[in-house]
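# Observations on chain architecture
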Amino acid sequence: MNTNSSNTMALAPSTSNKRETVCIFGTGDFGRALGHRMIQSGYPVVYGSRSTQISNLIPKDAEVLGHAEAAQKAAIIIVAIPRQHYNFLTPLAEVLRGKVLVDISNNLKLNQYPESNAEYLAQLLPGSKVVKAFNTVSAWALQSGTLDASRQVFVCADDVEAKQMVMDIVRALGLTPLDKGSLLAAQEIENYPLQLFPMWKFPIILSFGLAIFFFFYCLALDVIHTYIYENNNFSFFIAFTIPNRVFPVMALILLALVYLPGIFAAIIQLYRGTKYRRFPDWLDKWMLCRKQLGLIALAFAFLHVVFTLASPLRSFVSWRTSNRIVSQALNNQTQPLDHTNAWLSDSYLALGILGFFFFVLLGITSLPSVSNNVNWREFRFVQSKLGYLTLILCTAHTMVYGGKWFLNPSAYKWYLPNIYMLSLVVPCAVLVVKFVLILPCVDKPLTQIRQGWERNPKYSE
Ligand code: NAP
């Protein structure tokens, strides 16, 4: 046995005598980091290890004993050992009977085993009360105290009292316990740390694919076509002009794609005459990643704003402006003010600024710290009503800017429509169908369906 009692003092000495001893099996990275934090929070810690030799890495003030001896000293045992070694616990079944075993383990792959590690532990030791916790917190974050991103600790167990004891420890460590119910939830909790931005995959792939498509579309029409037919080398458009054409188009299309699944859902519900049938899987998945689509759209809108503000700094723009002035001077002619153009450019700018303002507002309200402070009705109001207002403003902004090309034959290079025309297809379709859906003759049955009414009750079986 070894006791280390030098410098590190418990941070909560006044309460340390009230805290119960906690046993940690395993002196690996996680066991040491958790032990360190527990000692700081006033918990006496005893380690159960294969080797009782003290090392500098082990937190000071902690005891290191053999597994059986350590387990006898505490009611709660944290198993900081990988699942593949759990077999060593079977001979300790009698010592561990009635004790709370906290499974903190993770796997290397999603759904690696048929049952969760916590359920496996419960099967190995049926006399113990197994609680799943701490697996989403990293050893590094625990030790360094940088827990800003991962303060939540998911806890689940079949024994309510055992779960409560572990949740009390979680709170005492300055973390936030989140009750996930029975041990059945353990598999889901074990999968959390293995997921890589699960909700972002589809929006990112879609945005990337669309952005690449529009980039090459612009490249073909604005650079290659101009080079072939007008013998003008505008290859420098690749750096600034083309990105600043792609960004607003992407922002508008992605924003429309946030509202399109809602339109599909309404049409499906109207067609089926019930809300009690599941939407197709693709629609469900699409609806779940609307926030991510909206945030990517906002990022594109932001880039568009920055690029546009930087536009006057470009040498191409100053060359074009000075050229125009010089040619007017040479011809001794000043162009009269074109009132239509002045109106169009002012309206286009005003619509863009307002659209961006509401876009930012939507983004801010989707932040958890903000959305947690509004009720469901307020959240719906902002995301739906203000969202549609943003879509209307951004669509109008694009229409005013690019509308003139619809009737201009020079816009159809290689018989292809200009990028601005393409960008208007989805938003206009969404807005037109939405307008139809809010007509009283359509809105009334849809509202009834959403309140539970069924046209043909057999669907609700
Ligand atoms: P580790 O550094 O490899 O430590 C594992 C410990 O398990 C060893 O130090 C050893 O402790 C014990 N052990 C190894 N083989 C054993 C055997 N055959 N029989 C009995 N005990 C054995 O691993 P770790 O990073 O601390 O991770 C431990 C568990 O925490 C894993 O299940 C992991 O998924 C989970 N986890 C880790 C992190 C993290 O950030 N590291 C985060 C969340 C969850 P003794 O030498 O003292 O016996």
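Residues numbered from 1 in each chain as written. Predicted model: local features only at pLDDT ≥ 70, side-chain atom pairs only at ≥ 80, totals over all residues. Heavy atoms only, no water.

As annotated in an unreviewed UniProt entry, the protein chain carries the name STEA4 Metalloreductase and comes from Cnemophilus loriae. Comment text from UniProt for the protein chain, heading Subcellular location (unreviewed entry), reads "Endosome membrane". (UniProt positions renumbered as here; feature names shortened; annotations may be inferred.)

On inspection of all chains with the given rule, the structure shows 13 salt bridges. D284 is paired through a salt bridge with R278; the nearest N and O atoms lie 2.8 Å apart. For D284, a relative accessible area of 25% corresponds to the partly exposed category. Judged by its relative accessible area of 58%, R278 falls in the exposed class. Salt bridges sharing common partners tie together D103, K132 and E190. (Salt bridge = Lys/Arg side-chain N within 4 Å of Asp/Glu carboxyl O. Buried < 20%, exposed > 50% of the residue type's maximum accessible area, 1.4 Å probe, protein only.)

Here we take up the UniProt feature "domain: Pyrroline-5-carboxylate reductase catalytic N-terminal" (unreviewed entry) in the protein chain. Mapped onto this numbering, the UniProt entry annotates "domain: Pyrroline-5-carboxylate reductase catalytic N-terminal" (unreviewed entry) at residues 21-107. Secondary structure across residues 21-107 comprises 25% helix and 22% strand; the distance between its end C-alpha atoms is 28 Å. (Helix = DSSP H or I, 4+ residues; strand = E, 2+ residues; numbered from the N terminus.)

Summed over the entire model, instances satisfying the criterion amount to zero disulfides. Left unpaired, C394 is separated from the closest cysteine sulfur, that of C428, by 12 Å. Among the residues examined, C394 registers a relative accessible area of 14% and is labelled buried. With relative accessibility at 22%, the residue C428 sits in the partly exposed group. (Disulfide = S-S within 2.5 Å.)

Turning to the layout of surface pockets, a few remarks are in order. Reported here for the largest pocket is a volume of approximately 1500 Å³. Residue lining of the largest pocket: 42 residues in total, with Y259, R290, R380, S384 and Y388 positioned closest to the centre. Of all the elements in the fold, those that place two or more residues in the lining of the largest pocket are helix 10 (241-272), helix 12 (290-310), helix 14 (339-365), helix 16 (376-402), helix 17 (419-437) and helix 18 (440-450). At 13 residues, helix 16 tops the list of elements feeding residues into the lining of the largest pocket. A per-class count over the lining of the largest pocket returns 24 nonpolar, nine polar and nine charged. What the second largest pocket holds in volume is close to 1100 Å³. In this structure, the second largest pocket is lined by 33 residues; those nearest its centre are T241, R245, R320, Y401 and Y420. Elements represented by at least two residues in the lining of the second largest pocket include exactly helix 9 (201-230), helix 10, helix 12, helix 13 (315-330), helix 16 and helix 17. The element that contributes the greatest number of residues to the lining of the second largest pocket is helix 9, accounting for six residues. Of the residues assigned to the lining of the second largest pocket, the class counts are 15 nonpolar, eleven polar and seven charged. (1 Å grid on protein atoms, 1.4 Å probe; cavity = no way out; pocket = protein on both sides within 12 Å on 5 of 7 lines; lining within 4 Å. Points joined across faces, edges and corners; volume = space filled by probe spheres on them. Nonpolar A, V, L, I, M, F, W, Y, C, P; charged D, E, K, R; others polar.)

Taken together, the neighbourhood of the ligand is formed by 19 residues, with T27, F30, S49, N106 and A139 sitting nearest. Within the backbone of F30, one N or O atom sits 2.8 Å away from an oxygen atom of the ligand. (Near = heavy atom within 4 Å. Polar contact = N/O pair within 3.5 Å; in protein donor to acceptor, adjacent residues only side chain to side chain.)

Relative to the helices and strands, K99 resides in the loop between helix 4 (93-96) and strand 6 (100-103). Summary of buried charges: K99 has no salt-bridge partner, and the nearest side chain of opposite charge, E20, is 9.0 Å away. Within the structure, the side chain of K99 is placed 2.8 Å from the backbone oxygen of A74, a separation counted as a polar contact. In this structure, K99 is in contact with A71, Q72, A74, A75, I77, S128 and K129, ignoring residues within four places of it in sequence. (Lys, Arg positive; Asp, Glu negative; His and termini not counted. Contact = heavy atoms within 4.5 Å.)

Remark: the centre distance and the inter-plane angle together describe each pair of aromatic rings, the angle taken between the planes. With the rule as written, the count across this model stands at 24 aromatic pairs. Relative to F237, the ring of F234 has its centre 4.9 Å away and its plane inclined at 10°; by these criteria the two rings are stacked. Taking relative accessible area as the criterion, F234 reaches 23% and is therefore assigned partly exposed. Ring plane angle 65° and centroid distance 6.1 Å describe the contact between F234 and F316, whose orientation is recorded as edge-to-face. Residue F234 is located in the loop between helix 9 and helix 10, and its partner F316 is located in helix 13; the two are separated by 82 residues in the primary sequence. One aromatic cluster is present, formed by F234, F236, F237, F316 and W319 through successive ring pairs. Above the plane of the ring of Y113 lies R83, whose end atom (NZ or CZ) is 3.6 Å from the centre. For R83, the ring lying beneath its charged end belongs to Y120, and the centroid distance is 4.1 Å. (Phe/Tyr/Trp six-rings, centres within 6.5 Å; stacked < 30°, edge-to-face > 60°. Lys NZ or Arg CZ within 6 Å of the ring centre and 35° of its normal.)

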